[in-house]
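# Inside the fold
Below, each chain spelled out in residue letters.
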Amino acid sequence: VEAANSGALIGAPVDGVRVVLQDGAAHPVDSNEMAFRIAAVQGFRQAYAEAAPQVLEPVMRVEVTVPSEFQGTIMGDLNR
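A brief report on the enclosed structure follows. (Residues numbered from 1 in each chain as written. Predicted model: local features only at pLDDT ≥ 70, side-chain atom pairs only at ≥ 80, totals over all residues. Heavy atoms only, no water.)

The next point concerns the overall build of the protein chain. The helix and strand inventory of the protein chain stands at 2 helices and 0 strands. For 80 residues, the compact-globule estimate of 2.2 N^0.38 gives 12 Å, and the C-alpha radius of gyration of the protein chain, at 21 Å, exceeds that figure by more than 25%. Every one of the 80 residues in the protein chain was classed for burial, and the buried ones make up 9%. Considering only intrachain contacts with a sequence separation of at least 6, the fraction spanning at least 24 residues in the protein chain is 52%. Carbon and sulfur atoms provide 54% of the accessible area of the protein chain, an area that totals close to 7400 Å². Taking the 5 positively charged and 10 negatively charged side chains of the protein chain as two groups, their mean positions are separated by 3 Å. (Helix = DSSP H or I, 4+ residues; strand = E, 2+ residues; numbered from the N terminus. Rg over C-alpha atoms; globule rule 2.2 N^0.38 Å. Buried < 20%, exposed > 50% of the residue type's maximum accessible area, 1.4 Å probe, protein only. Contact = heavy atoms within 4.5 Å. Areas by Shrake-Rupley, 256 points an atom, 1.4 Å probe, with all protein chains shown as cover. Lys, Arg positive; Asp, Glu negative; His and termini not counted. Charge placed at Lys NZ, Arg CZ, Asp CG, Glu CD.)

The structure is reproduced here in structure tokens:
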């Protein structure tokens, strides 16, 4: 969907989204490509707003110093 190219939070592309069209109908008088594009964008925007999206910022480098007895716990927390 073209609407996923620019998310509402910071304008960055929206990743990890799956879109499934479950139903649709065409009318010979007012159904055209532009009408379907507008409907898709509006549907995506509504679903995006209801999904409570979050901005995921990349972590480039992390250095953690902990006592060895906590190493397993900390590694588990960092890998979540």
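This paragraph deals with the environment of Ala25. One can find Ala25 in the segment before helix 1 (33-50). For Ala25 and Leu56, which are 31 residues apart along the polypeptide, the C-alpha to C-alpha distance reads 36 Å. Ignoring sequence-local partners within four residues, the contact set of Ala25 consists of Ser31 and Phe36.

On the surface, Val59, Val62, Val64, Val66, Phe70, Met75 and Leu78 cluster together to form a nonpolar patch covering roughly 630 Å² of accessible area. Take Val59: it is sitting in the loop between helix 1 and helix 2 (71-78). Accessibility expressed as a relative area gives 61% for Val59, which makes it exposed. (Patch = residues over 30% accessible without salt bridge, like charges linked within 9 Å, V, L, I, M, F, W, Y side chains within 5 Å. Salt bridge = Lys/Arg side-chain N within 4 Å of Asp/Glu carboxyl O.)

A separate point is the environment of Arg61. For Arg61, the location among the structural elements is in the loop between helix 1 and helix 2. C-alpha separation for the pair Arg61 and Ala35, spaced 26 residues apart in sequence, amounts to 46 Å.

What the largest pocket holds in volume is close to 690 Å³. If you go around the largest pocket, you meet 28 residues; those closest to its centre are Val14, Asp15, Val17, Phe44 and Tyr48. Class assignment for the residues of the lining of the largest pocket results in 20 nonpolar, 5 polar and 3 charged. (1 Å grid on protein atoms, 1.4 Å probe; cavity = no way out; pocket = protein on both sides within 12 Å on 5 of 7 lines; lining within 4 Å. Points joined across faces, edges and corners; volume = space filled by probe spheres on them. Nonpolar A, V, L, I, M, F, W, Y, C, P; charged D, E, K, R; others polar.)

Turning our eyes to something else, we now look at the pattern of salt bridges. Counting across every chain of the model gives 2 salt bridges. Put simply, Arg37 and Glu33 hold a salt bridge, and the shortest N to O gap is 2.8 Å. Of this pair, Arg37 and Glu33 both sit in helix 1, 4 residues apart, which is roughly one turn of that helix. When its relative accessible area of 34% is taken as the criterion, Arg37 is described as partly exposed. Glu33 sits in the exposed class, given a relative accessible area of 53%. Glu63 is the salt-bridge partner of Arg61, the closest N and O atoms lying 3.6 Å from each other.

Just geometry here; none of it tells us what the structure is for.
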